[in-house]
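# Observations on chain architecture
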There are 4 protein chains.
Amino acid sequence: MARRVTGDRANGERPANGSLEEPVRQRLLAEATRLFAGRGFESTSVQEIVAAAGVTKGAMYHYFDSKDDLLHEIYARVLRLQMERLNRFADAEGPVADRLHAAATDVVVTTVDNLDDSKIFFRSMHQLAPETYKSVRAERRRYHERFRDLVVEGQRAGVFRDDIPAEMVVDFFFGSVHHLGTWYHPDGPLTGQEVGRHFADLLLNSLRP
Amino acid sequence: MARRVTGDRANGERPANGSLEEPVRQRLLAEATRLFAGRGFESTSVQEIVAAAGVTKGAMYHYFDSKDDLLHEIYARVLRLQMERLNRFADAEGPVADRLHAAATDVVVTTVDNLDDSKIFFRSMHQLAPETYKSVRAERRRYHERFRDLVVEGQRAGVFRDDIPAEMVVDFFFGSVHHLGTWYHPDGPLTGQEVGRHFADLLLNSLRP
Amino acid sequence: MARRVTGDRANGERPANGSLEEPVRQRLLAEATRLFAGRGFESTSVQEIVAAAGVTKGAMYHYFDSKDDLLHEIYARVLRLQMERLNRFADAEGPVADRLHAAATDVVVTTVDNLDDSKIFFRSMHQLAPETYKSVRAERRRYHERFRDLVVEGQRAGVFRDDIPAEMVVDFFFGSVHHLGTWYHPDGPLTGQEVGRHFADLLLNSLRP
Amino acid sequence: MARRVTGDRANGERPANGSLEEPVRQRLLAEATRLFAGRGFESTSVQEIVAAAGVTKGAMYHYFDSKDDLLHEIYARVLRLQMERLNRFADAEGPVADRLHAAATDVVVTTVDNLDDSKIFFRSMHQLAPETYKSVRAERRRYHERFRDLVVEGQRAGVFRDDIPAEMVVDFFFGSVHHLGTWYHPDGPLTGQEVGRHFADLLLNSLRP
DNA sequence: GATGAATGAGCATTCATTCAT
DNA sequence: AATGAATGAATGCTCATTCAT
């Protein structure tokens, strides 16, 4: 297991300036994200990553156990971020329809803001080592479940139709979200907000009893 | 361009259809589909494919120009099938809502019936050579346009809401369809028909004015 | 051993129109010569040759035993032609200096007229099977000896300097001839005749006592 | 571009120079030269080279970009050496005939001393990548031009005949030199010096007005 | 922390040749 | 006389990873 630079900050305090504190590690993650999104995980060589980050292979293997580990770290970052945001919206005050609408809009906006992460996620997930793969799937499932709970809440409250399993509604909606990477372009006619609102409208409309 | 087998079985008799009688080309396509769906395009070696098909590498390169060409042929087959079916449903008689519902149900059923093809499509498409990639995207776009025309037709007829661009509705729906490969299991609780109906219901409901 | 189409014309009679009688074999030799000269023997595939000649591989292996055999036939043709011409000039009437000058001029002209053959000769000779290689070398040696005899004849007659071994003079001169392929261009400023005369002048001058 | 070994032996001490102490890069160049001369570039596999040098393929690709690059390095070494020597002789004191004679003798001696390099040069040059090929040809042309200047100098001084283009005299002479590899054997009756003197005599004699 | 030489297994692809038809 | 499917061995090259320094 490669030593983490954060390893000795287990008390949770954060460096004052994240991007300057661990520049090599951050740069490696950033370049790997960009390259994996562009060419795919398998088609990106460690050599390309380290060259893009301006470091040597030795440096990369100092911070990460393997190329696979690099991918895993990218996933961990995405998962952490999405879960945090979902919790914030789901736990807010107000009618469940409003909270679901807000959460749905936000996940679109966040996805669009981190489109590279999104592209990588579904294209390269199956390249993870089995153990890692399982843990990522599990984390992902927890995220879906949190979202599904909102749907169930609405169904129980009678504001959403309940003849379609909530589970499937979630898969239906996230399929749409995950495919943003295949068609959305930041310099296209629509902002992330606009797409987010439309998607949320479609979701809420589809749930009307 | 690799030569195509020109079935010299013009009399119509068919092989007993033990897998060993199957023409080499078909066997290669079938095994490649299975393996690409399982491990991804990049992680599947030509050696694995030919071993699975019980032929030699030379035979594969007799029928296909490259590993890339093999992937392209798989795509071409899928695209052809889907376009045919969509046309059949779109050109049928009846109200546009019914036709859209039928087409939406059918694309889900077909996807579920060829789940390997679906898995390959979005995971490996970007590994195609640029030229091939473009032609596949173009074909895909034509398919989406045909589907979008149905939505537009309904919007003009006033039976669908028109405050969301038809284009986006299509991307929204097909995102869901294309992600079936990540969660649907043939031996799960739901048949393809059931999922298809639910998906079509959600689509139609989301379009209610 | 591949059958030769000429095999059943052992009596020596020739077809009225050589190029139409054995079109396939001639076309194969012609295209092979062109391609070997351009890319080298090893870098030219049998596939390229048969494609250029507009026939199939099977046809090529009907007329020639192997790719090596094809090269050998090219050599045999060149060697035959050159030996015939040298004999004609060497056996003519007149002073030895004139005969050597004429022979030297002619070999340059012939080389320039068949530049592809010349390019192939020294680039690809060592790719021949050992046995074939030996027989080509032997034939080549006979050619050199016939040429050397002219030099010796002149040295004995006292018209050529004899302090340099005749053998070496021949190697000296043919080195120059064989390298024509690396610099001479048919559409350059000089005709083959002009180069031939200059080369012969240089040779004769260098032999002045 | 493959990285070059940056001899960290700045103190000047040398390895015992048993062939195992020799740097990997040098050993690869030496063995490649030997094998290319023997079998030709195309017929020599990278596997054969690395086996002969006692290293792995990976090591070779660490020092050289490709098999092509290996050939290019051999060429660069030869070209550098020959240009240096020619300059030394051409820029010396004395009559132009003496300087040309000395330079001509030297190029023969050097060629004979590095006969493998010479064999490779004309047999395999056309296998280089187009760009590399051009640069080698250009360097070669500069060498020829330097030599030609000596001939022109003699023609202007009236000590050489000027009815034959100097350019052609150079091609004539270097053809002879480059073909040494096809007939000269170190263990034959003549030393390189002897051949060099004879060749230079023939050249100078051929230039007598 | 970081280097860079070296590994060794694996990759897609090419190719001359064969052979049943 | 000619086809074209199939072979199987070889080829140049890439790559994630290791390790002495």
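Residues numbered from 1 in each chain as written. Chains lettered and ligands numbered in written order. Predicted model: local features only at pLDDT ≥ 70, side-chain atom pairs only at ≥ 80, totals over all residues. Heavy atoms only, no water.

### Quick word on the overall build of chain A
Looking only at helices and strands, chain A features 11 helices and zero strands. Order of helices (α) and strands (β) in chain A, N terminus to C terminus: α-α-α-α-α-α-α-α-α-α-α. Pairs at least 24 apart in sequence give 68% of the contacts found in chain A among residues at least 6 apart. When the accessible surface of chain A is totalled, it reaches about 9,900 Å², and 50% of it is carbon and sulfur. (Helix = DSSP H or I, 4+ residues; strand = E, 2+ residues; numbered from the N terminus. Contact = heavy atoms within 4.5 Å. Areas by Shrake-Rupley, 256 points an atom, 1.4 Å probe, with all protein chains shown as cover.)

### Looking at the protein's contact with DNA strand F
Surveying the vicinity of DNA strand F reveals 27 residues, the closest of which are B:His62, B:Tyr63, C:Thr56, C:His62 and D:Tyr61. Protein-proximal atoms of DNA strand F, defined as those within 4 Å of the protein, fall in sugar or phosphate at a share of 71%. One of the backbone N or O atoms of D:Thr44 is found 3.3 Å from a phosphate oxygen in DNA strand F. At a separation of 2.9 Å, a phosphate oxygen of DNA strand F approaches a polar backbone atom of D:Val46. Mapped by element, the contributors of at least two residues to the surface near DNA strand F are α4 (57-63) of chain A, α3 (57-63) of chain B, α4 (57-63) of chain C together with α3 (57-63) of chain D. Broken down by class, the residue content of the surface near DNA strand F amounts to nine nonpolar, 12 polar and six charged. (Near = heavy atom within 4 Å. Polar contact = N/O pair within 3.5 Å; in protein donor to acceptor, adjacent residues only side chain to side chain. Nonpolar A, V, L, I, M, F, W, Y, C, P; charged D, E, K, R; others polar.)

### A few points about the side chain of D:Glu31
Residues and elements named next belong to chain D. The residue Glu31 is located in helix α1 (residues 24-39) in this model. With relative accessibility at 18%, the residue Glu31 sits in the buried group. In terms of polar contacts, Glu31 uses its side chain to reach the side chain of Arg34, at 2.6 Å. Sequence-distant contacts of Glu31, that is, excluding residues within four places in its chain, are made with Ile49, Ala52 and Ala53. (Buried < 20%, exposed > 50% of the residue type's maximum accessible area, 1.4 Å probe, protein only.)

### Structural notes on helix α2 (residues 23-39) of chain A
Residues and elements named next belong to chain A. With 17 residues, α2 extends 24 Å from end C-alpha to end C-alpha; this agrees with the ideal 24 Å at 1.5 Å per step. Of all the positions in α2, only Arg25, Leu28, Leu29, Glu31, Ala32, Thr33, Leu35, Phe36 and Ala37 are classed as buried. Against α3 (46-53), α4, α5 (67-90) and α7 (115-124) lie the buried residues of α2. (Expected span 1.5 Å × (residues − 1).)

### Quick notes on the protein's contact with DNA strand E
In the vicinity of DNA strand E lie 26 residues, with A:Thr56, B:Tyr61, D:Thr56, D:His62 and D:Tyr63 positioned nearest. At 3.1 Å, a side-chain N or O of B:Lys57 approaches a base oxygen of DNA strand E. Within the backbone of C:Thr44, one N or O atom sits 3.4 Å away from a phosphate oxygen of DNA strand E. Going through the elements one at a time, α4 of chain A, α3 of chain B, α4 of chain C together with α3 of chain D are the ones with two or more residues in the surface near DNA strand E. Here the surface near DNA strand E is composed, by residue class, of 10 nonpolar, 12 polar and four charged.

### Remarks on the pattern of salt bridges
All names here are of chain A. The final tally for this structure, using the stated rule, is 44 salt bridges over all chains. With a shortest N-O distance of 2.5 Å, Arg34 and Glu31 are connected by a salt bridge. Taken together, the residues Arg34 and Glu31, both in helix α2 and three residues apart, mark about one turn of the helix. Residue classification places Arg34 among the partly exposed positions, given a relative accessible area of 44%. Taken together, the salt bridges that share partners define one network made up of Arg148, Asp149 and Glu167. (Salt bridge = Lys/Arg side-chain N within 4 Å of Asp/Glu carboxyl O.)

### Concerning the packing of helix α2 (residues 23-39) of chain C against helix α7 (residues 115-124) of chain C
All names here are of chain C. Look at α2 against α7: their axes get within 8 Å of each other, and the N-to-C directions meet at 60°. The angle between α2 and α7 falls in the class oblique. For the pair α2 and α7, the crossing hand works out as left-handed. For the pair α2 and α7, contact is made by Thr33, Arg34, Phe36 and Ala37 and by Asp116, Asp117, Lys119, Ile120 and Arg123, respectively. Grouping the constituent residues of the contact of α2 with α7 by class yields three nonpolar, one polar and five charged. (Axes fitted to C-alpha atoms, helices over the stretch in contact; angles between N-to-C directions. Parallel < 35°, antiparallel > 145°, perpendicular 65-115°, else oblique. Left-handed = near helix turned anticlockwise from the far one by under 90°.)

### Some details on the interface of chain A and chain B
With 36 residues of chain A in contact, the opposing surface of chain B contributes 36 residues. Of the roughly 3,200 Å² buried where chain A meets chain B, counting both sides, 63% is carbon and sulfur surface. One can count zero salt bridges joining chain A with chain B. Connecting chain A to chain B are 16 residue pairs in polar contact (both at pLDDT 80 or more). Those elements that place two or more of their residues in the side of chain A that touches chain B are α7, α9 (166-178), α10 (180-183) and α11 (192-207) of chain A. (Buried area = accessible area lost by both parts, 1.4 Å probe.)

### Digging into the relation of the copies chain D and chain C
Laying chain D over chain C is done by rotating through 180° and shifting 0.1 Å along the axis; what remains is an RMSD of 0.1 Å. Such a combination of turn and shift is consistent with a two-fold rotation axis. Considering only C-alpha atoms, the residue of chain D closest to the rotation axis is D:Ser206, which sits at 1.9 Å. Of the residues that chain D buries at the interface, 100% are likewise interface residues in chain C, meaning the two copies contact each other through the same surface. (Least-squares fit on C-alpha atoms with pLDDT ≥ 70 in both.)

### A look at the UniProt feature "DNA-binding region" (unreviewed entry) in chain A
The UniProt record annotates "DNA-binding region" (unreviewed entry) at residues 45-64 of chain A. Regarding residues 45-64 of chain A, the helix share stands at 75% and the strand share at 0%, and the terminal C-alpha atoms are separated by 15 Å. (UniProt positions renumbered as here; feature names shortened; annotations may be inferred.)

### Overview of the environment of B:Asp68
Residues and elements named next belong to chain B. Mapped onto the elements of the fold, Asp68 is located in helix α4 (residues 67-90). For Asp68, a relative accessible area of 18% gives the class buried. The sequence separation of Asp68 and Ala129 amounts to 61 residues, and the corresponding C-alpha distance is 7.2 Å. Beyond its immediate stretch of four places on either side in the chain, Asp68 contacts Phe41, Gln127, Leu128, Ala129 and Thr132. At 3.3 Å, the side chain of Asp68 and the backbone nitrogen of Ala129 are in polar contact.

### Regarding the interface of chain D and chain C
Listed as interface residues are 36 residues of chain D and, on the opposing side, 36 residues of chain C. When chain D packs against chain C, close to 3,200 Å² is buried across both sides, 63% of that on carbon and sulfur atoms. Three residues stand out in chain D for area buried against chain C, namely D:Met168, D:Phe172 and D:Leu202, and they jointly supply 23% of the buried area on that side. At the surface where chain D touches chain C, the tally comes to zero salt bridges. For the side of chain D that touches chain C, the elements supplying multiple residues, two or more each, are α6 (115-124), α8 (166-178), α9 (180-183) and α10 (192-207) of chain D. The greatest single-element share of the side of chain D that touches chain C, amounting to nine residues, is contributed by α10(D). Considered class by class, the residues forming the side of chain D that touches chain C number 15 nonpolar, 12 polar and nine charged.

### Description of the relation of the copies chain A and chain B
When chain A is brought onto chain B, the operation consists of a screw motion whose angular component is 180° and whose axial shift is 0.1 Å, with 0.1 Å RMSD remaining. Most of the interface of chain A is mirrored in chain B: 100% of its interface residues are interface residues there too.

### Quick word on α9(A)
Residues and elements named next belong to chain A. With 13 residues, α9 should reach 18 Å at 1.5 Å per residue; the first-to-last C-alpha distance of 18 Å fits that figure. Counting buried positions over the 13 residues of α9 gives 12, a clear majority of the element. For α9, the full list of buried residues reads Ala166, Met168, Val169, Val170, Asp171, Phe172, Phe173, Phe174, Gly175, Ser176, Val177 and His178.

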